[in-house]
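An overview of the molecular structure
Here's the letter readout for the chains.
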Amino acid sequence: MRRLTLTRPDDWHIHLRDGDYLSQTVKDAAARFGRAIVMPNLSPPVVNVQDAERYRTEILQHVPRSFAFEPLMTLYLTPQTVAADIVAAGQSPFIAGCKLYPAGATTNSEAGVSAITQLYPIFEAMQTANLPLLIHGEVTTHSVDIFDREARFIDESLAPLIQQFPELKVVFEHITTQEAAQFVADQGPEVAATITVHHLLYNRTDMLGSGMKPLLFCLPILKRDQHRQALLAAATSGNPAFFLGTDSAPHPRSSKENACGCAAGCYTAHAGIELYAEVFDAAGKLDRLEAFASHFGPDFYGLPRNPDKIVLEEIPWTAPKTLPFGNELLMPLRGGETIAWRLASQSMSSS
Ligand code: DOR
Ligand code: ZN
């Protein structure tokens, strides 16, 4: 049986939600990751330092005693965001970046912006405060085909933004296309991208080709296999511009199995590092996993790498079909199916 010891990884993009949902999401994330960039798309969104500190305190109440999990908080940029919010965020020890949602692009993005240039004064303040900008990179124009929305965003919004703010740290979140991977590879060290494990595992034929699979519906949507292959090449390339961000995004079963509008998001936190190990192993690149999962993220964010380790073992296990989720149930990705790698019990304490 193969064993793999890794510097404890971090998740540079996760949705933990709030309230009763936190007991499941925080337990799963904290068992694997040392830190996580926590998305601010709550309802209402996390828009200032006070909101973020309140949310952080709530998250910390759910961290099991044996872990030293650190939530890295983000602010949600809206048309009402002012430079003073950014200055305060830059001074907060808990805030690691601000998230840009084009209005209407995804779950709880209604409070986002419709004209990105509106936020240019805010990006200026972020550049000065050295606060990274985390971007959901899709255009939202209805006439643009859903499969083309990420590529269009690069030309229409991202390239001009990066040109205008060359010192601003930018993370192109959960990239899904060959074009995005190429664009990021062509930029300097201020631009990076997170890659989810579901976009490495699946393509749009998996989602639609043999009966529609709501559990695979996420945004940006799964693309053709050539894009999955380009993401896999980027993730396993050893290029520090690409690092782990699960985009684990839980929704109750009733919202996923909803004939009239399935909610977008895949829950992967229950196997957040194990699934990446499976993908890297299948590609013959297990030796590249540690840098992708544990080194490149903290290096980009200017934070120390985690001091402790986790151990993965090649022992197949069956993921639970459902998990408790407040008063409802959550259906995790690969529920009821076998996952090739598992977290060893030595990983269970981070002390
Ligand atoms: O699939 C997604 N789910 N994509 C996002 O951008 C948001 C997320 C969510 O919050 O559910
Ligand atoms: Zn997300």
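Further up the page is the structure itself.
Residues numbered from 1 in each chain as written. Chains lettered and ligands numbered in written order. Predicted model: local features only at pLDDT ≥ 70, side-chain atom pairs only at ≥ 80, totals over all residues. Heavy atoms only, no water.

Remarks on the site of ligand 1
- If you check the shell around ligand 1, you find 14 residues, and the closest are Arg17, Asn41, Thr106, Leu219 and His251.
- Between ligand 1 and Arg17, the relevant distance is 2.7 Å, taken from an oxygen atom to a side-chain nitrogen or oxygen of the residue.
- Ala264 places a polar main-chain atom, nitrogen or oxygen, 3.0 Å from a nitrogen atom of ligand 1.
- Summarising the interface, the protein chains cover 99% of the accessible area of ligand 1, which totals 290 Å² for the free molecule.
- Here the residues of the shell around ligand 1 sort into 4 nonpolar, 8 polar and 2 charged. (Near = heavy atom within 4 Å. Polar contact = N/O pair within 3.5 Å; in protein donor to acceptor, adjacent residues only side chain to side chain. Areas by Shrake-Rupley, 256 points an atom, 1.4 Å probe, with all protein chains shown as cover. Nonpolar A, V, L, I, M, F, W, Y, C, P; charged D, E, K, R; others polar.)

Examining the side chain of Arg149
- The residue Arg149 is located in helix 5 (residues 149-164) in this model.
- At 5.9 Å, Glu138 is the nearest oppositely charged side chain to Arg149, a buried residue that forms no salt bridge.
- Apart from residues no more than four positions distant in its own chain, Arg149 is found in contact with Gly137, Glu138, Val139, Thr140, Thr141, His142 and Val144. (Helix = DSSP H or I, 4+ residues; strand = E, 2+ residues; numbered from the N terminus. Buried < 20%, exposed > 50% of the residue type's maximum accessible area, 1.4 Å probe, protein only. Lys, Arg positive; Asp, Glu negative; His and termini not counted. Salt bridge = Lys/Arg side-chain N within 4 Å of Asp/Glu carboxyl O. Contact = heavy atoms within 4.5 Å.)

Things to note about the packing of helix 6 (residues 178-185) against helix 9 (residues 225-235)
- Contact geometry for helix 6 and helix 9: axes closest at 8 Å, N-to-C directions at 30°. Judged by the inter-axis angle, helix 6 sits roughly parallel to helix 9. Of the residues in helix 9, those touching helix 6 at Gln178, Glu179 and Ala181 are Gln226, His227, Ala230 and Ala234.
- Taken together, the residues of the contact of helix 6 with helix 9 break down into 3 nonpolar, 3 polar and 1 charged. (Axes fitted to C-alpha atoms, helices over the stretch in contact; angles between N-to-C directions. Parallel < 35°, antiparallel > 145°, perpendicular 65-115°, else oblique.)

Overview of the sheet that holds strand 1 (residues 3-7)
- Taken in spatial order, the 3 strands make up an open sheet running 1-10-15, and their pairing is antiparallel. Across the chains shown, the open sheet's two edge strands, defined by having one partner strand only, are strand 1 and strand 15 (342-343).
- Pairing analysis gives 5 bridges linking strand 1 to strand 10 (residues 309-313), with the strands arranged antiparallel. Bridging from a neighbouring strand, Thr7 pairs with Lys309 of strand 10. (Pairing = 2+ DSSP bridges.)

Observations concerning the sheet that holds strand 9 (residues 242-244)
- Pairing in this open sheet of 8 strands is parallel, and the strands run 2-3-4-5-6-7-8-9 from one edge to the other. Of all strands in the sheet, those with a lone pairing partner are strand 2 (11-14) and strand 9, marking the two edges. Across the sheet, the mean angle separating the axes of adjacent strands is 30° when strand polarity is ignored.
- Bridging between strand 4 (residues 70-76) and strand 5 (residues 95-100) involves 4 bridges; their strand directions are parallel. Its bridge partner being in strand 5, Met73 is matched across the sheet by Ile95.

A few points about unusual backbone geometry
- Following Ser43, the chain continues into Pro44 via a peptide bond in cis, with omega recorded as 0°.
- With respect to the helices, strands and loops of the structure, Pro44 is situated in the loop between strand 3 (35-38) and helix 2 (49-60).
- Here the amide bond leading from Leu219 into Pro220 is cis, since omega sits at -5°, within 30 degrees of zero.
- If you trace the backbone, Pro220 turns up in the loop between helix 8 (204-208) and helix 9.
- Even without a glycine there, the phi angle at Arg334 is positive, about 70°.
- Turning to its location among the elements, Arg334 is positioned in the loop between strand 13 (328-330) and strand 14 (338-339).

As for the nonpolar core
- In terms of nonpolar packing, the biggest core is built from 102 residues, with Leu16, Leu77, Phe123, Met126, Leu161, Leu289 and Leu312 touching the most fellow members.
- In this structure Leu312 touches Arg2, Arg3, Leu4, Leu6, Ile273, Glu274, Ala277, Leu289, Trp341, Arg342, Leu343 and Ala344, once residues within four positions along its chain are discounted.
- The next biggest cluster of nonpolar side chains, apart from the first, holds 15 residues, and it includes Trp12, Leu72, Phe296 and Tyr301. (Core = buried A, V, L, I, M, F, W, Y, C linked by side-chain atoms within 4.5 Å.)

Let's talk about a negative patch on the surface
- Side chains of Asp145, Asp148, Asp155 and Glu179 sit close together on the surface and give a patch of like negative charge.
- Turning to its location among the elements, Asp148 is positioned in the loop between strand 6 (133-135) and helix 5. (Patch = residues over 30% accessible without salt bridge, like charges linked within 9 Å, V, L, I, M, F, W, Y side chains within 5 Å. Charge placed at Lys NZ, Arg CZ, Asp CG, Glu CD.)

Observations concerning the pairing of strand 10
- Across the 5 residues that make up strand 10, a large majority, 4, are buried.
- Sheet topology note: the strand 10/strand 15 ladder contains 2 bridges and is antiparallel. Within strand 15, the residue paired with Glu313 across the bridge is Arg342.

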